[in-house]
Amino acid sequence: MGMNDFWFAMYHTYSIKKSFDKRALKIFEKDVKFAQELGIEGLVLEDYYNDWIWGEYTNFWNEKTFREMVKIVHDYGLKFIPYLDVTELGVHGKVYKQNGRKWGAKNRWGKNYSAFSSIFLADYYPVDWRTKLMCPSPSSGWFNYLTNQAHVLLTQYEVDGIYLDRMDYRTTCYDHSKDQAHFIQGIPALVKSIRDEVKNASLKNLLIINDSCVDPDPPLIKCMKLADFVLTELLPIDTDTTDFNWRFLMEYGDIIWTFHRFIKPVIKLSTNLSFLSGAMLDTNRLQRIINRLKIHVGKKIIVFSHRKDYEGFKAIKKIVEKNKLKQGFFPGRKNLHTIKKFFK
Ligand SMILES: [Zn+2]
């Protein structure tokens, strides 16, 4: 097994301490050592940013712990790739309070669109938070702000690239520009801007983007062409952003949020059940997803699944081997060690 696969980890599996966390680093190092044994090429790390404030990527739980993690990953010969989200900003942070209203994508009544919240993946996040949709167009301040976040990470920390999530919103923003297509056109423009930062820092750096299980449309295809790898996120059903349910969530996200304490258990149960559905194992479906990406990016695909049992692991391993792709190991909130049993 050469250096080949990727490992996707959540920082809060190891620590959410605001002071230097030596104990967490010991546990983290054990997982990095195991990752090296598995032949993992790089780590993508999510939620290293303080209090799950999506968007505040240089505001760390603890900067020294973060820097030590980067060092440990390098000591074992792996790449370290931090997570960024192209379109979402946590409303509980100070950046949102100062700029969120201004930078946000707005509906025809001038109201900020809702975006992702913790209730949809309640098993992964131990606290409640929500985000609003930011406008990725160069005519919104979000474009420069996020580009600068990438610049700081790439130049002041020894990271080996950037991972980008959530290029799947397809909506109209009624602010920032008279051109109604500026939101959708802004997505590949912002990805290009971040890619330039990634490659200016070093040509060896990697840009990895998430397809959000979307059947590639022109904006996603543009983004994919800019990336070194596309991580395909296996969801129970494909994301269709023109779908009624999706639009409903965009328009009524605030109302849903008002009742989140009551509906959270139901959403949690249904999400967990859907992550165990047979569609997550269906070889024909998996191959269809790979085929629709392959015509644009060849074999530069990392296969990632939310189904974390042995069946889910085996299903993506099979497709990875058949198509000579890379596997994305994702143990959820657990340590990487917990997947050791899959290799016997
Ligand atoms: Zn806009």
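Heads up: the structure comes first, above all this text.
Here goes a summary of the coordinates provided. All values derive from a computational prediction rather than experimental measurement.

### Comments concerning the overall build of the chain
Here comes step 1: Across its full length, the chain carries 10 helices and 11 strands.
Here comes step 2: Computed over C-alpha atoms, the radius of gyration of the chain comes to 19 Å, within 12% of the 20 Å expected from 2.2 N^0.38 for 344 residues, which places it in the range of a compact globule.
Here comes step 3: Principal-axis analysis of the C-alpha atoms gives the chain an extent of 55 × 45 × 45 Å.
Here comes step 4: Within the chain, the proportion of its 344 residues that are buried is 58%.
Here comes step 5: For the chain, the proportion of contacts with a sequence separation of at least 24, taken over those separated by at least 6, is 76%.
Here comes step 6: A total of about 15,100 Å² of accessible surface is found on the chain, and carbon and sulfur atoms cover 55% of it.
Here comes step 7: Charged side chains in the chain number 52 positive and 39 negative. The centres of these two groups are separated by 2 Å.

### What about the coordination of the zinc ion?
Here comes step 1: In the first shell of the zinc ion, the protein supplies Cys135 (SG), Cys173 (SG), His176 (ND1) and His182 (NE2), at 2.1 to 2.3 Å from the metal.
Here comes step 2: Counting gaps between the donor residues of the zinc ion yields the pattern C-x37-C-x2-H-x5-H. Of this pair, Cys135 sits in the loop between strand 6 (130-133) and helix 4 (141-156) while His176 sits in the loop between strand 7 (161-165) and helix 5 (182-201), and the two are 41 residues apart along the sequence.
Here comes step 3: Residue classification places Cys135 among the buried positions, given a relative accessible area of 0%.

### Observations regarding the pairing of strand 11 (residues 326-329)
Here comes step 1: Going residue by residue along strand 11, you find Lys326 and Gly328 tucked away on one face and Gln327 and Phe329 tucked away on the opposite face as well.
Here comes step 2: Bridge count for strand 10 (residues 301-305) against strand 11 is three bridges, and the pairing is parallel. What sits directly across from Ile302, in strand 11, is Lys326.
Here comes step 3: With helix 10 (residues 310-323) bridging strand 10 and the parallel strand 11, this β-α-β connection has right-handed handedness.

### Notes on the sheet that holds strand 5 (residues 114-117)
Here comes step 1: Taken in spatial order, the three strands of this open sheet run 4-6-5, and their pairing is antiparallel. Two strands close off the open sheet at either side, each with one partner strand: strand 4 (88-90) and strand 5. The sheet shows a mean angle of 35° between the axes of neighbouring strands, direction not considered.
Here comes step 2: Summarising the sheet, strand 4 and strand 6 pair through three bridges and their orientation is antiparallel. Paired with Glu88 across the bridge in strand 6 is Leu133.

### Here's the deal with helix 4
Here comes step 1: If you check helix 4, its first and last C-alpha atoms are 22 Å apart, about what 16 residues at 1.5 Å a residue would give, namely 22 Å.
Here comes step 2: For helix 4, the set of buried residues is Trp142, Phe143, Tyr145, Leu146, Thr147, Gln149, Ala150, Val152, Leu153 and Leu154.
Here comes step 3: Buried residues in helix 4 make contact with helix 2 (63-75), strand 3 (79-85), strand 4, helix 3 (94-103), strand 7 and helix 5.

### Some remarks on the packing of aromatic side chains
Here comes step 1: All chains considered together, the criterion is met by 36 aromatic pairs.
Here comes step 2: Ring geometry for Tyr49 and Tyr83: centres 6.3 Å apart, planes at 35°, overall tilted. Taken together, the residues span a long stretch of sequence, with Tyr49 in the loop between strand 2 (40-46) and helix 2 and Tyr83 in strand 3 at a distance of 34 residues.
Here comes step 3: We classify Tyr49 as buried; its relative accessible area is 0%.
Here comes step 4: For Tyr83, a relative accessible area of 1% puts it in the buried group.
Here comes step 5: Note on Trp103 and Trp142: the rings are 6.3 Å apart at their centroids and 55° apart in plane angle, and the pair reads as tilted. Placement of the pair is Trp103 in helix 3 and Trp142 in helix 4, with a sequence separation of 39 residues.
Here comes step 6: Among the residues examined, Trp103 registers a relative accessible area of 9% and is labelled buried.

So, how was this worked out
- Residues numbered from 1 in each chain as written.
- Predicted model: local features only at pLDDT ≥ 70, side-chain atom pairs only at ≥ 80, totals over all residues.
- Heavy atoms only, no water.
- Helix = DSSP H or I, 4+ residues; strand = E, 2+ residues; numbered from the N terminus.
- Rg over C-alpha atoms; globule rule 2.2 N^0.38 Å.
- Buried < 20%, exposed > 50% of the residue type's maximum accessible area, 1.4 Å probe, protein only.
- Contact = heavy atoms within 4.5 Å.
- Areas by Shrake-Rupley, 256 points an atom, 1.4 Å probe, with all protein chains shown as cover.
- Lys, Arg positive; Asp, Glu negative; His and termini not counted.
- Charge placed at Lys NZ, Arg CZ, Asp CG, Glu CD.
- Donors = N, O, S within 2.8 Å, 3.2 Å for Na, K, Ca; no water.
- Pairing = 2+ DSSP bridges.
- Right-handed = clockwise from strand over helix to strand, strands pointing away.
- Axes fitted to C-alpha atoms, helices over the stretch in contact; angles between N-to-C directions.
- Expected span 1.5 Å × (residues − 1).
- Phe/Tyr/Trp six-rings, centres within 6.5 Å; stacked < 30°, edge-to-face > 60°.

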